[in-house]
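Coordinates in review
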Amino acid sequence: MKSRWLLLLLAASGAWGQVTFDRILEANKEPQNWLTYSGTEMSQRHSLLTQITPANVKDLELQWVFQAHSLEKFEATPLVVNGILYTVQAPNDVVAIDAVTGRVFWVYEYAPSPDSHVCCGRVNRGLAILGDTLFMGTIDGHLLAIDARSGKPIWNVTVANAAAGYSLMHAPLVVKDKVIVGAAGGEFGIRGFLAAYDARTGKQAWKFYTIPGPGEPGNETWAGDSWMHGGASIWVTGSYDPKLNLTYWGVGNPGPDWNSDVRAGSNLYSDCVVALDADTGKLKWYFQFSPHDDFDYDSVQVPVLADMEWKGKMRRVMLWANRNGFYYVLDRTTGEFLQGKPFSKVTWTTGLDDSGHPVRIASANPTREGTLVYPGVQGATNWFSPSYSPHTGLFYIPAWDNYSSVFSKLPAEYVEGRRYTAGAPRSPVASLRGPQVINRTEEEGYGAVRAFDPKTGVRKWEFKMADVTSAGILTTASDLLFTGGREGYFWVLDARTGQELWRANVGGDVASGAMTYAVNGRQYVSISAGSSLFTYALRRNQ
Amino acid sequence: MMRPFLFLMITCGCLFAQHSFTVIDVEDGGRLYRANCTICHGAEGNGVPGIDLAHNKFRRAKDDDDIAAIIRTGIAGTAMPPNNFSDFQALTIVAYLRSIAAATAATTSGGDPARGKAIYDGKGNCASCHRIRGAGSRTGPDLSEIGNLRLAGELERAIITPDADVPAQHRHFQGVTKEGATITGTLLNEDKYSVQILDAKDRLVSVERSNLRESTIVEKGLMPSYKGKLTSSELADLVSYLVSLKSVELK
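The structure contained in this document is the topic of the report that follows. Not measured: the values here are computed from a predicted model.

Scanning chain A for helices and strands turns up 2 helices and 37 strands. In terms of overall dimensions, chain A is globule-like: its C-alpha atoms have a radius of gyration of 22 Å, near the 24 Å expected for 542 residues. A principal-axis box enclosing the C-alpha atoms of chain A has dimensions of 70 × 50 × 50 Å. Looking at the 542 residues of chain A, the share that counts as buried comes to 66%. Long-range pairs, those at least 24 residues apart, make up 59% of the contacts in chain A between residues at least 6 apart in sequence. A total accessible area of about 18000 Å² is found for chain A, and carbon and sulfur atoms account for 51% of it. Taking the 49 positively charged and 52 negatively charged side chains of chain A as two groups, their mean positions are separated by 4 Å.

Counting 108 residues, the largest nonpolar core has Y86(A), W106(A), L134(A), F135(A) and F490(A) as the members making the most contacts within it. By size, the runner-up hydrophobic cluster in this structure holds 41 residues, among which are V123(A), Y248(A), V300(A) and L330(A).

In this section: the interface of chain A and chain B. Contact with chain A, which involves 34 residues of that partner, is made by 32 residues of chain B. Summed over both partners, the interface of chain A with chain B buries about 2800 Å², with 58% contributed by carbon and sulfur atoms. At the junction of chain A and chain B, the tally comes to 4 salt bridges. Taking the shortest distance from any N to any O, the salt bridge between R103(A) and D191(B) comes out at 3.0 Å. Taken together, chain A and chain B are joined by 10 residue pairs in polar contact (both at pLDDT 80 or more). Listed by contribution, the elements that provide at least two residues to the side of chain A that touches chain B are α1 (2-15), β4 (84-89), β5 (93-98), β6 (104-108), β9 (142-147) and β10 (153-158) of chain A. Looking at the side of chain A that touches chain B, its residues break down into 17 nonpolar, 8 polar and 9 charged. Relative to strand β8 (residues 249-250) of chain B, β10(A) runs parallel, the two sharing 2 bridges. Its bridge partner being in β8(B), V157(A) is matched across the sheet by L250(B).

Rules behind the numbers
- Residues numbered from 1 in each chain as written.
- Chains lettered and ligands numbered in written order.
- Predicted model: local features only at pLDDT ≥ 70, side-chain atom pairs only at ≥ 80, totals over all residues.
- Heavy atoms only, no water.
- Helix = DSSP H or I, 4+ residues; strand = E, 2+ residues; numbered from the N terminus.
- Rg over C-alpha atoms; globule rule 2.2 N^0.38 Å.
- Buried < 20%, exposed > 50% of the residue type's maximum accessible area, 1.4 Å probe, protein only.
- Contact = heavy atoms within 4.5 Å.
- Areas by Shrake-Rupley, 256 points an atom, 1.4 Å probe, with all protein chains shown as cover.
- Lys, Arg positive; Asp, Glu negative; His and termini not counted.
- Charge placed at Lys NZ, Arg CZ, Asp CG, Glu CD.
- Core = buried A, V, L, I, M, F, W, Y, C linked by side-chain atoms within 4.5 Å.
- Buried area = accessible area lost by both parts, 1.4 Å probe.
- Salt bridge = Lys/Arg side-chain N within 4 Å of Asp/Glu carboxyl O.
- Polar contact = N/O pair within 3.5 Å; in protein donor to acceptor, adjacent residues only side chain to side chain.
- Nonpolar A, V, L, I, M, F, W, Y, C, P; charged D, E, K, R; others polar.
- Pairing = 2+ DSSP bridges.

Given below as structure tokens:
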């Protein structure tokens, strides 16, 4: 005990340097830390820590539990910097925790405005850090800078108007000296945008509307003035390629969600991935997965960046399993479509054409009476983090299959601060918060972890669940895969075969991505379930 | 999280003859007061002519129950509206008003915030221990929003007689390890087995009690008294600057 404590002090004194942007860019050089939402700015959610292996994973043991003072579930992925774990207790309290013992250092309490409107839970998906400062978006549309050591606020800037339905849900992304956030609220008729703020001062550096205004290219893809309330939210954190100086973001659905009569056109840049110059916010390229979407197939996925040999030469690619049921590979320098294949049951299109655009089936549209369509409203996957392992060469996604909704449309009328969705999809599978008992058949929908060869799109294996899953996926260089699901299990799978190696009952919906870190040479894995955060490590005296 | 009135129960308990309130009640009342009452009555309670809530000066009310009733039902024909509080919530506001009345009122007034900032940065050397909007030291309390948490009189008292009332969240921890090393820092959290501090090098550290030979919680001597070091007008300036620090929100 004595020596361990001394080690802790020594480690702490040598490693308390500031989190520079160079450190974030090279986060793989310090896998003991987790410095950004998806682990690195390539967003592979893949860790180089290898202490926990397929051989010893059976010796995982619970180290500590943090129970949030919140009835909302955790959707945040924690950060860990030099033995301190930072996370968000829903909706917007920042907590600093000793990553070894789970003891709380401080809580920064934030009371969001009663004006805040959120469609899908008063939740938050995490923090960013730069220097000694943490950054958090709030459900009432503010971006906050908080001292990582004392938990005291440094600045607080209004990014968007909460009363009009704007909110900030995702973990901000730090690029150089800027903090990038995007507005959510597509179910309330917002006009989405991404904006960058000076990390030191909170001053806005640039703003990119995800719906072009009059006179801008793309505005013609919105009939009339529908661009004003067309949604195109940002729900999850983007990625960054330092060589190209491009930052990539998935954009949400057009609104109103299920009655598209008022918004004829392809509705750019809804359901797109956009590539922006990180210094100016200027659009470099975009790729639209679901033009003129009327199923709520947001492209709210983390852009996973990978460098791999593609037909004989190295390419900078982007891997993307979309809510619309297709898996895509894009060239991330140009946005060129390289490949796309369905990964679950799809009935709204006959497939993708050579440029990657879906060929719609005319009868597959929301109607007043209701139309049965696969995948259902939550999509074949959603905001849940995928993982790419350069070690196995496989791409892993949380998938919902055999999942459908009956899409009905209703009249659309925009009223500020009210829901602007104009429809009522119904499904055998509950959208957000599953019931505590289920009694469905596999034909009515199930969840799975699926592993693909990213080059061919061929599925290598599948790990089926009885219920669906909102859990992200973590892989490690020791070829382990960590995930969970609505059933309340924390699973560790063999990343090469999909075989279950170990599980723990964590008793609640696992609705965030697992992450891993190390302190004093000991590897830990944290996973949330419900409003609790569970942290595991190998039993001592191995 | 902040418990600025923790200490007041001791000093003003005698004034609560009619009702008993806990520290938490007083805090809750303060929150309700700041959210609902300051727009007319002001943070200092003297925003309406002829009424000084922080000095037990009322026009009509004779006792706690009278005040609580007015808070709930308002006064017809005046700007005092009815409020949708429970009896108990109204009484917590009374408890808060009584508590600030019991705290020392400011003896200085008319300070200039700009001159106060110069004293904070210069003669007072305040940033050597305190921090505002990320600038300064973390040794003492962060003052970024202190004007929203404390009244002028409380700030004045904290500057002149800092040891008189040290809120729990500003206590320090001092320990000596079995090896003889000294550990000091702001006490953040503790349990039976460990203590969490922000140490003298601004590191968040969890210390296991089993590794300590001795430990103590330090409440006195953390901040020097500025009595006799600042003129009364300098003190007024400094206090007015601190009172102006309401929020880190950028406009």
